Amino acid sequence: MAAPAALVSRLPGHAQHSNRQPDWKQVAYLLHVSRALDDIEESKLLPERKVLYQFSARGHDFAQILLGLHLTDPHDGVTVYYRSRPIMLSLGVALEDAAAGPLARTGSFSGGRDIGVVFNMPGNGGATVLPACGGVGAQYTPAAGWAQAIRYRHDELGDSSYARSIAVVLGGDASAATNGFWSALTVATTLQLPMLFYIEDNGFGISVSSQLQTPGGNIAANLRSFSGLTIIEGDGTDPAEASELTARAVSLVRDRRAPVLLRLTVPRLSGHSGQDTQAYKSPEVVALERARDPLGKLHRYLVPGVLSESEWSRIAAQARSDVEAAIERALARPMPDAQQVSRYVFCEVGPDGKLELQQQGGLAPEGHVFPSGSLTAHPENTRINMLTAIRRTLDVELASNPRMVVFGEDVGPKGGVHGATLGLQDKYGVERVFDTSLSEEGIIGRAVGMSLAGLLPVAEIQFRKYADPAAEQLNDCGTMRWRTHNRFAAPIVVRMPGGFFKCGDPWHSQTNEVAWVHGVGWRVAVPSNAEDAVGLLRSALRGNDPTIFFEHRAMLDGAWARRPYPGDDYVIPFGSARIVRAGTELTVVTWGAMVERCEQAAAASRVDVEILDLRTLSPWDKKAVLASVEKTRRCLIVHEDNVTAGFGAEIAAVLAKEAFFNLDAPIDRLTMPDIPSPHSPVLLEAAVPNTERITQTIQQLASV
Ligand SMILES: Cc1ncc(C[n+]2csc(CCOP(=O)(O)OP(=O)(O)O)c2C)c(N)n1
Ligand SMILES: [Mg+2]
């Protein structure tokens, strides 16, 4: 039986909550729906092992529902966490989907690929729920990115429909101790972004008291003197108070276009998850929490003044039967198709030959069409270095793509510590080319949020090693398409210089490009010269998957890497290796700064060497490598990254299987040993493959 329309006026485009009094019948209905879902899962579906991971929202539910009912702007963006099902209900998630998620059935928001309460919901005319993450704190910086994109689309792209849109992030008390929280707080307050931090303080992070998350246990109290932030706090279980505070907080952000933190205290009435017995809570604490149950308080608040007892009971019964019916329908859905488990890591071409685009994220779903590229270089007369090649490509793409933004530490007036963005802020303005706060999590998380809001963020990480603080955001960005079953993707481009430059050191000279290949969902380019840098960067900037663009420091101004500029439309498809030198006796597979050294070594070796510059590692040109090795019957892989589980190991494993009968010698690797990059040039010379050692290894391998 479907609920009466009056009770479930579904978003998008449903009841506007411009006045401060919510539709109490609707609130009561949604609260009963949320409770019924929790109850049936806890008492039946979890014990029956139909739901494997249960997160009850009892106690948090009431205030979340109120908050969600205010998020009616079509460009509102919400990032949620695992205890956020109630707000999903008030944002209009289909009940059957809400039930099917925890049952890991087809359809729904992840097709059984992610935990059922890790939600996402494309906007489709209502608020967008950005893909949630299991990692606590990961929700914050993408919300800041969404907020910045709202401002960009309004101010820079002139879209007045963003005039009152806001970003909202939900988090628990313990999440306020995470890097992501502080990073997003810095971004939102320094830039004065329209962003609401909604903290649901239940006093616990699983079993750990909020006293250990922030001194005194109250993040709002501690942030009272934080500049540029309005603090509101109160009781998330009291109907009048919670409804007034959620309304006030949302309108403040909408009106003032500035950040607000709303902290509501709520009880967590069940264990952290279905497995948690709450043995760490005293009976007194449990009793106090029960006494604060917002369901009981709402009952007392509404009955008999607003609703009669029988109306209240009818709403409860209706909610229960709607949930039971939705669970029945969800249980009748098929299990996910095991044959499909590897699909949607990257954007795929469907059976009809067309791209199967994500519903939201990046430029493609909004119909953006890039100018057509050329696979042929039209070289100019003079050679330019790789740095100029990168800068010029960014310049050309910024000029033709108003949705592209370039940012990172020092990329503004200074033009980047390597100089790649020199002059671009002057030309394109501070909204399009800008400095960021020193938080790599903030840079990447913000890029993800901006991408989900339909922009093309191009982030610079100053040095490869300094991507480490952004590891979580990078990881979650890469997996997004897969875990949302192709509903969302965030095709961002991350430029990062690394590798040695005259000397090395453990901080600025790491390559470790294999980490991105091993991570899911990233395309990885490692150009060795200026021409390839142009073609690969343009491909990345016009692509539809997240891309790491690794800029080798030794090649940025290296004489060997200087090439004629190949033209404003030159593109190189990913996965196409370049034959640097053709030969018949031995194949060298390499990339990045090692290409130059291999070329010199090959010339010195007096062996007829074929050199392949892979140019991209994800995808890598397996076909070209196999074809070359089939011809030469010998293969040496040379890379700067460490030996163990470096990308050479992958190539060797593939050759061992697919070229076994074509090999006349063991596959060899010449790489750094398993150490950080050393500073002294003497030590560096001993660690990084040099021309002399490459020559010797070529000669040895050729004579086997
Ligand atoms: C980065 C990270 N560390 C640890 C965990 C395991 N974990 C899941 S929830 C949680 C506690 C979070 O508490 P809080 O933010 O207060 O939210 P609540 O569950 O109380 O609503 C922890 C430690 C995680 N998911 N992510
Ligand atoms: Mg908590």
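### Side note on unusual backbone geometry
Right, so step 1: Here the bond from Val303 into Pro304 is cis, since omega is 5°, no more than 30 degrees from zero.
Right, so step 2: Tracing the backbone shows Pro304 in the loop between α10 (294-302) and α11 (309-332).
Right, so step 3: The peptide bond linking Ser618 to Pro619 adopts the cis configuration, its omega dihedral lying at 0°.
Right, so step 4: Considering the arrangement of structural elements, one finds Pro619 in the loop between β22 (616-618) and α20 (622-632).

### As for the site of ligand 1
Right, so step 1: Tyr81, Tyr82, Arg83, Asn202 and Phe204 are the nearest of the 16 residues found near ligand 1.
Right, so step 2: Between ligand 1 and Val136 there is a distance of 2.9 Å, counted from a nitrogen atom to a backbone nitrogen or oxygen.
Right, so step 3: Tallied by class, the residues present in the shell around ligand 1 amount to six nonpolar, eight polar and two charged.

### Let's talk about empty space enclosed by the protein
Right, so step 1: According to the stated counting rule, one finds three cavities of 30 Å³ or more in the structure shown.
Right, so step 2: What lines the largest cavity is a set of 16 residues, among which Pro131, Cys133, Ala138, Pro142 and Val448 lie closest to the centre.
Right, so step 3: Among the elements of the structure, α14 (440-452) and α15 (471-483) are those that each provide at least two residues to the lining of the largest cavity.
Right, so step 4: It is α15 that provides the largest number of residues to the lining of the largest cavity, a total of five residues.
Right, so step 5: Tallied by class, residues from the lining of the largest cavity come to 11 nonpolar, three polar and two charged.
Right, so step 6: Reported here for the second largest cavity is a volume of approximately 70 Å³.
Right, so step 7: Along its surface, the second largest cavity is lined by 13 residues, and Thr511, Glu513, His552, Trp591 and Glu640 are the ones closest to its centre.
Right, so step 8: When residues of the lining of the second largest cavity are traced back to their parent elements, those giving at least two are β17 (547-552) and β23 (635-642).
Right, so step 9: Among the elements that line the lining of the second largest cavity, the one with the most residues is β23, at four residues.

### Section: the side chain of Ser677
Right, so step 1: Following the sequence through the fold, Ser677 ends up in the loop between β24 (668-672) and α22 (681-687).
Right, so step 2: For Ser677, a relative accessible area of 8% puts it in the buried group.

### Some remarks on the packing of helix α1 (residues 24-45) against α11
Helix-helix packing is characterised by the crossing angle of the two axes and by the distance between the axes.
Right, so step 1: Running from N to C, α1 and α11 point in directions that differ by 50°, and their axes come no closer than 8 Å. Accordingly, the angle class assigned to the pair α1 and α11 is oblique. The hand of the α1/α11 crossing is right-handed. Residues Lys25, Ala28, Tyr29, His32, Val33, Ala36, Leu37, Asp39, Ile40 and Leu45 of α1 touch α11, and the partners they reach there are Glu311, Trp312, Ile315, Ala316, Gln318, Ala319, Arg320, Asp322, Val323, Glu324 and Ile327.
Right, so step 2: For the contact of α1 with α11, the per-class residue count stands at 13 nonpolar, two polar and six charged.

### Observations regarding the coordination of the magnesium ion (ligand 2)
Right, so step 1: Looking at the magnesium ion (ligand 2), one finds its protein donor set to be Asp173 (OD), Asn202 (OD1) and Phe204 (O), positioned 2.0 to 2.2 Å from the metal centre.
Right, so step 2: Motif for the magnesium ion (ligand 2), donor spacing along one chain: D-x28-N-x1-F. Within this pair, whereas Asp173 is found in the loop between β3 (167-172) and α6 (179-190), its partner Phe204 is found in strand β5 (residues 204-205), the two being separated by 31 residues in sequence.
Right, so step 3: With relative accessibility at 5%, the residue Asp173 sits in the buried group.

### So, the pairing of β3
Looking along a regular strand, one sees the side chains alternate between the two faces of the sheet.
Right, so step 1: Most of β3 sits inside the fold, with six of its six residues counted as buried.
Right, so step 2: Taking every second residue as pointing to the same face, both faces of β3 are buried, with Ala167, Val169 and Gly171 on one and Val168, Leu170 and Gly172 on the other.
Right, so step 3: Note that strand β1 (residues 77-79) and β3 share three bridges and pair parallel. Each residue of the ladder has a partner; that of Thr79, found in β3, is Val169.
Right, so step 4: Two elements, β3 and strand β4 (residues 195-201), share six bridges in a ladder whose sense is parallel. Bridging across to β4, Val169 finds its partner in Phe197.

### Looking at the nonpolar core
Right, so step 1: Counting residues in hydrophobic clusters, the biggest one holds 77 residues, and the most contacted among them are Phe181, Phe197, Leu614 and Ile651.
Right, so step 2: The greatest single-element share of this core, amounting to eight residues, is contributed by helix α5 (residues 140-156).
Right, so step 3: In this view, Ile651 contacts Val589, Trp591, Leu614, Trp620, Val625 and Ile637; residues no more than four positions away in its chain are not counted.
Right, so step 4: One finds Leu66, Leu69, Tyr81 and Leu196 within the second-largest nonpolar core, a separate group that totals 70 residues.

### Digging into α15
Right, so step 1: Its 13 residues place the ends of α15 17 Å apart at the C-alpha level, agreeing with the 18 Å of an ideal helix rising 1.5 Å per residue.
Right, so step 2: At Cys477, α15 is bent by approximately 30°, the largest bend along its length.
Right, so step 3: When α15 is considered as a whole, its buried residues turn out to be Gln473, Leu474, Asp476, Cys477, Gly478, Thr479, Met480, Arg481 and Arg483.
Right, so step 4: Turning to α15, the residues buried within the fold contact α5, β10 (355-356), α14, β15 (493-498), α16 (514-518) and β17.

### Points about the side chain of Glu200
Right, so step 1: Following the sequence through the fold, Glu200 ends up in strand β4.
Right, so step 2: Here Glu200 occupies a buried position and makes no salt bridge, while the nearest side chain of opposite charge, Arg83, is found at 6.5 Å.
Right, so step 3: Within the local environment of Glu200, its side chain forms a polar contact with the side chain of His60, the two groups lying 2.7 Å apart.
Right, so step 4: In this structure the side chain of Glu200 is engaged in a polar contact, spanning 2.8 Å, whose partner is the side chain of Gln64.
Right, so step 5: Once residues lying within four places of it in the same chain are set aside, the contact partners of Glu200 are His60, Gln64, Tyr81, Leu170, Gly171, Gly172, Asp173, Leu264 and Val266.

### A word on the sheet that holds strand β19 (residues 578-581)
Right, so step 1: With respect to topology, five strands assemble into an open sheet ordered β19-β21-β20-β23-β24, the strand pairing being mixed. Every interior strand has two partners, whereas the edge strands, β19 and β24, have only one. Across the sheet, the mean angle from the axis of one strand to that of its neighbour is 25°, orientation sign disregarded.
Right, so step 2: Pairing geometry for β19 and strand β21 (residues 609-613), over three bridges, is antiparallel. Note on β21: the bridge partner recorded for Arg578 is Asp613.
Right, so step 3: Helix α21 (residues 647-658) contacts β20 (586-590), β23 and β24 of the sheet and is inclined by roughly 155° relative to β23.
Right, so step 4: Set on the sheet, helix α23 (residues 691-702) makes contact with β20, β21, β23 and β24; between it and β23 the angle comes to about 150°.

### Regarding the packing of α1 against α10
Right, so step 1: One can describe the packing of α1 onto α10 by two numbers: an axis separation of 11 Å at closest approach and a directional angle of 155°. Between α1 and α10, the angle falls in the class roughly antiparallel. The chirality of how α1 crosses α10 is left-handed. Residue-level contacts link Trp24, Val27, Ala28, Leu31, His32 and Arg35 of α1 to Pro294, Leu295, Leu298, Tyr301 and Leu302 of α10.
Right, so step 2: Tallied by class, the residues present in the contact of α1 with α10 amount to nine nonpolar, one polar and one charged.

### Looking at the sheet that holds strand β7 (residues 230-235)
Right, so step 1: The six strands are arranged β2-β1-β3-β4-β8-β7 in an open sheet whose pairing can be described as parallel. Across the chains shown, the open sheet's two edge strands, defined by having one partner strand only, are β2 (128-129) and β7.
Right, so step 2: Pairing geometry for β4 and strand β8 (residues 260-265), over six bridges, is parallel. Bridge pairing in β8 links Leu196 to Val260.
Right, so step 3: Together, β4 and β8 form the strand contacts of α6, whose direction differs from that of β4 by roughly 150°.

Conventions adopted
- In every chain, residue numbers begin from 1 and rise along the written sequence.
- Starting at A for chains and at 1 for ligands, labels are handed out in the order in which the entities are written.
- Local features in this predicted model are restricted to residues of pLDDT 70 or higher, and side-chain atom pairs are both shown and tallied only at a pLDDT of 80 or more, whereas totals for entire chains, interfaces and linings draw on every residue.
- Only hydrogens and water are set aside; all other atoms, that is, all heavy atoms of the structure, feed into the side-chain values.
- Helix numbers and strand numbers start at the N terminus; a helix is a DSSP run of H or I with at least 4 residues, a strand a run of E with at least 2.
- Residues are classed as near a molecule or strand on a simple rule: at least one heavy atom within 4 Å of it.
- Here a polar contact is recorded for every N or O atom pair within 3.5 Å, except that within protein the pair must consist of a potential hydrogen donor and a potential acceptor, and residues adjacent in sequence are included only if both atoms are side-chain atoms.
- Under the scheme applied, nonpolar residues are Ala, Val, Leu, Ile, Met, Phe, Trp, Tyr, Cys and Pro; charged residues are Asp, Glu, Lys and Arg; polar residues are all the others, including Gly.
- Of the two site types, the cavity is a set of points on a 1 Å grid over the protein atoms alone where a 1.4 Å probe fits but cannot get out, and the pocket is an open set with protein on both sides within 12 Å along at least five of seven lines, each lined by residues with an atom within 4 Å of a point.
- Grid points are joined across faces, edges and corners, and a volume is the space filled by probe spheres set on the points.
- For every residue, the accessible area (1.4 Å probe, protein chains only) is compared with the maximum for its type, and the residue is labelled buried under 20%, exposed over 50%, or partly exposed between those bounds.
- Throughout, an axis means a line fitted to C-alpha atoms (over the contacting stretch in the case of helices), and angles, computed between N-to-C directions, take values from 0 to 180 degrees.
- An angle below 35 degrees is read as roughly parallel, one above 145 as roughly antiparallel, one from 65 to 115 as roughly perpendicular, and any other as oblique.
- For any pair of crossing helices, the crossing counts as left-handed if the nearer helix is rotated counterclockwise from the farther one by less than a right angle, and right-handed if it is rotated clockwise.
- Throughout, a residue-residue contact means that at least one pair of heavy atoms, one from each residue, lies within 4.5 Å.
- The rule for donors is simple: an N, O or S atom within 2.8 Å of the metal counts, and for Na, K and Ca the reach is 3.2 Å. Water is not among the atoms, so a site may look short of donors.
- When DSSP finds two or more bridges between a pair of strands, those strands are recorded as paired.
- Definition used in this section: a nonpolar core is a set of buried Ala, Val, Leu, Ile, Met, Phe, Trp, Tyr and Cys residues joined via side-chain atoms within 4.5 Å.
- Here, expected helix span is obtained from the residue count minus one, scaled by 1.5 Å.
- The angle between axes fitted to the seven residues ending at a residue and the seven residues starting there is what we call the bend at that residue.
- Charge counting treats Lys and Arg as positive and Asp and Glu as negative, with His and both chain ends excluded.
- Take a side-chain nitrogen of Lys or Arg and a carboxyl oxygen of Asp or Glu: if they are within 4 Å of each other, that pair is a salt bridge.

Nothing here speaks to function; it is all geometry.
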